[in-house]
Amino acid sequence: MNVQTELDPEHIAISKSSGIKIDWRDGHHSDYTLAYLRDECPCATCTGAHGTQPQKTNYFKQELFPMYKPSIKMNSVEEVGQYAVRIHWNDGHSTGIYSFDHLRKICPCPVCRAKRETEPLA
Ligand SMILES: [Zn+2]
Ligand SMILES: [Zn+2]
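Criteria and thresholds
Residues numbered from 1 in each chain as written. Chains lettered and ligands numbered in written order. Predicted model: local features only at pLDDT ≥ 70, side-chain atom pairs only at ≥ 80, totals over all residues. Heavy atoms only, no water. Core = buried A, V, L, I, M, F, W, Y, C linked by side-chain atoms within 4.5 Å. Buried < 20%, exposed > 50% of the residue type's maximum accessible area, 1.4 Å probe, protein only. Helix = DSSP H or I, 4+ residues; strand = E, 2+ residues; numbered from the N terminus. Contact = heavy atoms within 4.5 Å. Donors = N, O, S within 2.8 Å, 3.2 Å for Na, K, Ca; no water. Tetrahedral: all angles 85-135°; square planar, octahedral: opposite > 155°, others 65-115°.

Chemist: Describe in detail the nonpolar core, supporting the description with residues and values.
Modeler: In this structure, Tyr 32, Leu 37, Trp 89, Tyr 98 and Leu 103 are the most contacted members of the largest nonpolar core, which totals 24 residues. Contributing elements (two or more residues each) for this core: strand 2 (19–24), helix 1 (34–39), strand 5 (84–89) and helix 4 (100–105). By residue number, the principal contributor to this core is helix 1, which donates 4 residues. If near-sequence neighbours (up to four positions away) are discounted, Tyr 98 is found in contact with Leu 37, Arg 38, Glu 40, Cys 41, Pro 42, Tyr 83, Ala 84, Val 85, Ile 87, Trp 89 and Leu 103.

Chemist: Which residues make up the coordination of the zinc ion (ligand 1), and what values go with them?
Modeler: At this site the zinc ion (ligand 1) is bound by Cys 41 (SG), Cys 43 (SG), Cys 46 (SG) and His 93 (NE2), with donor distances of 2.0 to 2.3 Å. Here the zinc ion (ligand 1) is ringed by 4 donor atoms whose angles at the metal span 103 to 115°, and the overall shape comes out tetrahedral. All donors of the zinc ion (ligand 1) come from a single chain, and their spacing in sequence reads C-x1-C-x2-C-x46-H. For the pair Cys 43 and Cys 46, a shared accessibility class is recorded, and that class is buried.

Chemist: So, the coordination of the zinc ion (ligand 2): which residues are in play, and what are the values?
Modeler: Under ideal tetrahedral coordination, the four donors around a metal are separated by 109.5 degrees; under ideal octahedral coordination, the six donors are separated by 90 or 180 degrees. Listed as protein donors to the zinc ion (ligand 2) are His 28 (NE2), Cys 107 (SG), Cys 109 (SG) and Cys 112 (SG); their distances from the metal cover 2.0 to 2.3 Å. For the zinc ion (ligand 2), the 4 donor atoms in the first shell make angles of 103 to 119° at the metal, a pattern classed as tetrahedral. Donor residues binding the zinc ion (ligand 2) come from one chain and are separated in sequence as H-x78-C-x1-C-x2-C.

Chemist: How would you sum up the environment of Cys 43? Please name residues and give values.
Modeler: Relative to the assigned elements, Cys 43 resides in the loop between helix 1 and helix 2 (44–47). Accessibility expressed as a relative area gives 7% for Cys 43, which makes it buried. It is 9.0 Å that separates the C-alpha atoms of Cys 43 and Ser 94, two residues lying 51 residues apart in sequence. With sequence-adjacent residues up to four places away left out, Cys 43 is seen in contact with His 93, Thr 95 and Gly 96.

Take it as geometry only, folks, not as evidence of what the structure does.
Spelled out as C-alpha coordinates, the structure:
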(Lines give C-alpha, C1' and ligand atoms only; values in the text may rest on other atoms or scores of the structure.)
(Ligands and ions follow the chains in the order given, each with its own letter.)
Protein backbone atom coordinates (compact mmCIF):
# COMPACT_ATOMS: atom_id res chain seq x y z
CA MET A 1 0.00 0.00 0.00
CA ASN A 2 1.43 3.30 -0.97
CA VAL A 3 -1.45 5.69 -1.09
CA GLN A 4 -0.37 9.25 -0.52
CA THR A 5 -2.86 11.85 0.44
CA GLU A 6 -2.34 15.49 1.09
CA LEU A 7 -2.55 14.72 4.78
CA ASP A 8 0.73 12.81 4.68
CA PRO A 9 3.74 14.41 6.29
CA GLU A 10 6.15 16.04 3.88
CA HIS A 11 8.83 16.34 6.51
CA ILE A 12 9.13 15.21 10.13
CA ALA A 13 11.65 16.57 12.60
CA ILE A 14 12.03 14.57 15.80
CA SER A 15 13.85 15.90 18.82
CA LYS A 16 13.99 13.66 21.87
CA SER A 17 14.28 16.65 24.17
CA SER A 18 11.79 19.03 22.63
CA GLY A 19 9.19 17.18 20.56
CA ILE A 20 8.04 16.57 17.01
CA LYS A 21 7.47 19.02 14.19
CA ILE A 22 5.64 18.02 11.03
CA ASP A 23 5.31 19.81 7.71
CA TRP A 24 2.29 18.37 5.94
CA ARG A 25 1.84 17.98 2.23
CA ASP A 26 -1.02 20.44 2.21
CA GLY A 27 1.30 23.12 3.59
CA HIS A 28 0.09 22.87 7.20
CA HIS A 29 2.66 22.87 9.98
CA SER A 30 2.32 21.18 13.36
CA ASP A 31 4.55 21.53 16.38
CA TYR A 32 4.01 19.03 19.22
CA THR A 33 5.69 19.41 22.57
CA LEU A 34 6.71 16.27 24.46
CA ALA A 35 4.20 16.87 27.22
CA TYR A 36 1.40 17.33 24.71
CA LEU A 37 2.27 14.15 22.84
CA ARG A 38 2.47 12.12 26.03
CA ASP A 39 -0.93 13.36 27.16
CA GLU A 40 -2.44 12.57 23.78
CA CYS A 41 -1.12 9.00 23.75
CA PRO A 42 -3.61 7.02 21.66
CA CYS A 43 -3.02 3.60 23.27
CA ALA A 44 -5.82 1.58 24.84
CA THR A 45 -4.50 2.10 28.36
CA CYS A 46 -4.40 5.88 28.10
CA THR A 47 -7.72 6.24 26.31
CA GLY A 48 -9.62 3.51 28.17
CA ALA A 49 -10.46 1.82 24.86
CA HIS A 50 -11.07 -1.56 26.48
CA GLY A 51 -13.68 -0.20 28.84
CA THR A 52 -11.12 0.44 31.55
CA GLN A 53 -10.58 3.76 33.29
CA PRO A 54 -8.51 6.02 31.01
CA GLN A 55 -5.02 6.55 32.43
CA LYS A 56 -4.55 10.04 31.01
CA THR A 57 -1.45 11.87 32.01
CA ASN A 58 -1.39 15.62 32.41
CA TYR A 59 2.15 16.65 31.73
CA PHE A 60 0.91 19.41 29.45
CA LYS A 61 -1.09 21.04 32.23
CA GLN A 62 1.91 20.78 34.54
CA GLU A 63 3.97 22.56 31.95
CA LEU A 64 1.79 25.62 32.39
CA PHE A 65 2.97 25.85 36.01
CA PRO A 66 6.74 26.16 35.92
CA MET A 67 7.10 25.10 39.55
CA TYR A 68 6.12 21.58 38.49
CA LYS A 69 8.72 21.05 35.82
CA PRO A 70 7.72 18.09 33.72
CA SER A 71 10.49 15.61 33.17
CA ILE A 72 8.93 13.72 30.32
CA LYS A 73 11.31 12.81 27.51
CA MET A 74 11.44 10.41 24.62
CA ASN A 75 13.97 7.62 24.96
CA SER A 76 13.50 6.62 21.35
CA VAL A 77 11.13 6.87 18.42
CA GLU A 78 10.51 4.02 16.00
CA GLU A 79 8.86 4.29 12.65
CA VAL A 80 5.93 1.94 12.25
CA GLY A 81 5.47 1.19 8.57
CA GLN A 82 4.74 4.25 6.48
CA TYR A 83 2.00 5.63 8.58
CA ALA A 84 2.94 5.97 12.23
CA VAL A 85 5.62 6.40 14.88
CA ARG A 86 5.92 4.62 18.19
CA ILE A 87 7.33 6.63 21.06
CA HIS A 88 9.23 5.14 24.00
CA TRP A 89 8.88 7.53 26.92
CA ASN A 90 11.21 7.86 29.88
CA ASP A 91 8.28 7.13 32.22
CA GLY A 92 8.35 3.56 30.90
CA HIS A 93 5.36 3.92 28.61
CA SER A 94 5.74 2.70 25.02
CA THR A 95 2.45 1.26 23.83
CA GLY A 96 1.32 4.39 22.01
CA ILE A 97 1.44 4.18 18.22
CA TYR A 98 0.95 7.68 16.85
CA SER A 99 -0.46 7.43 13.36
CA PHE A 100 -0.01 10.51 11.20
CA ASP A 101 -3.76 10.59 10.97
CA HIS A 102 -4.00 10.86 14.77
CA LEU A 103 -1.22 13.45 14.88
CA ARG A 104 -2.98 15.60 12.35
CA LYS A 105 -6.20 15.36 14.38
CA ILE A 106 -4.48 16.51 17.55
CA CYS A 107 -2.49 19.32 15.90
CA PRO A 108 -2.07 21.89 18.68
CA CYS A 109 -1.98 25.01 16.46
CA PRO A 110 -4.63 27.68 17.14
CA VAL A 111 -6.43 27.02 13.83
CA CYS A 112 -6.91 23.28 14.47
CA ARG A 113 -7.69 23.90 18.12
CA ALA A 114 -10.49 26.29 17.17
CA LYS A 115 -11.76 23.79 14.61
CA ARG A 116 -11.90 21.01 17.21
CA GLU A 117 -13.95 23.21 19.48
CA THR A 118 -16.60 23.72 16.82
CA GLU A 119 -16.48 20.15 15.44
CA PRO A 120 -15.52 17.91 18.37
CA LEU A 121 -13.97 14.53 17.64
CA ALA A 122 -16.47 11.70 17.68
ZN1 LIG B 1 -0.57 5.26 26.24
ZN1 LIG C 1 -2.94 22.73 12.91
